[in-house]
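The chain contents come next:
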Amino acid sequence: GKDVERANDARRTVLLPQPVYPRAARAARQEGRVMVCFTLDERGKVRAPAVRSSTADVFNQPVLDAISAARFTPAKVGRQPVRSTACRTFLFVLR
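Treat the numbers as computed from the prediction; the structure is a model and nothing was measured.

Take the packing of aromatic side chains next. Within the structure shown, the criterion is met by four aromatic pairs. Ring plane angle 85° and centroid distance 5.4 Å describe the contact between tyrosine 21 and phenylalanine 92, whose orientation is recorded as edge-to-face. With tyrosine 21 in the loop between strand S1 (13-15) and helix H1 (23-27) and phenylalanine 92 in strand S7 (residues 84-92), this pair connects stretches of sequence that are 71 residues apart. Note on tyrosine 21: relative accessible area 13%, which makes it buried. Plain terms: the ring middles of phenylalanine 38 and phenylalanine 72 are 5.6 Å apart, the flat faces sit at 25° to each other, and that makes the pair stacked. Placement of phenylalanine 38 in strand S2 (residues 32-40) and of phenylalanine 72 in strand S4 (residues 71-72) is noted, with a sequence separation of 34 residues between them.

Criteria and thresholds
- Residues numbered from 1 in each chain as written.
- Predicted model: local features only at pLDDT ≥ 70, side-chain atom pairs only at ≥ 80, totals over all residues.
- Heavy atoms only, no water.
- Phe/Tyr/Trp six-rings, centres within 6.5 Å; stacked < 30°, edge-to-face > 60°.
- Helix = DSSP H or I, 4+ residues; strand = E, 2+ residues; numbered from the N terminus.
- Buried < 20%, exposed > 50% of the residue type's maximum accessible area, 1.4 Å probe, protein only.

As structure tokens, then:
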């Protein structure tokens, strides 16, 4: 299959768990932002997630865990599901 960069049209989030706020970061009143990029396979499963940018390493693993459990509708070319790449940004904000 060919990777499709801009097949966003049909791609929708089916399930996107919220990352766990790290206890140490919460205790330190630390907020953060993590951008993770990944491949979506033809079934909408996340493959090879990688942190692209992060304000603090403490947030990386919770984001990788969350995105690994996420599900999306696969991108399509015509009616054919195809692999695609996507990025998501997660914010850790203290309420």
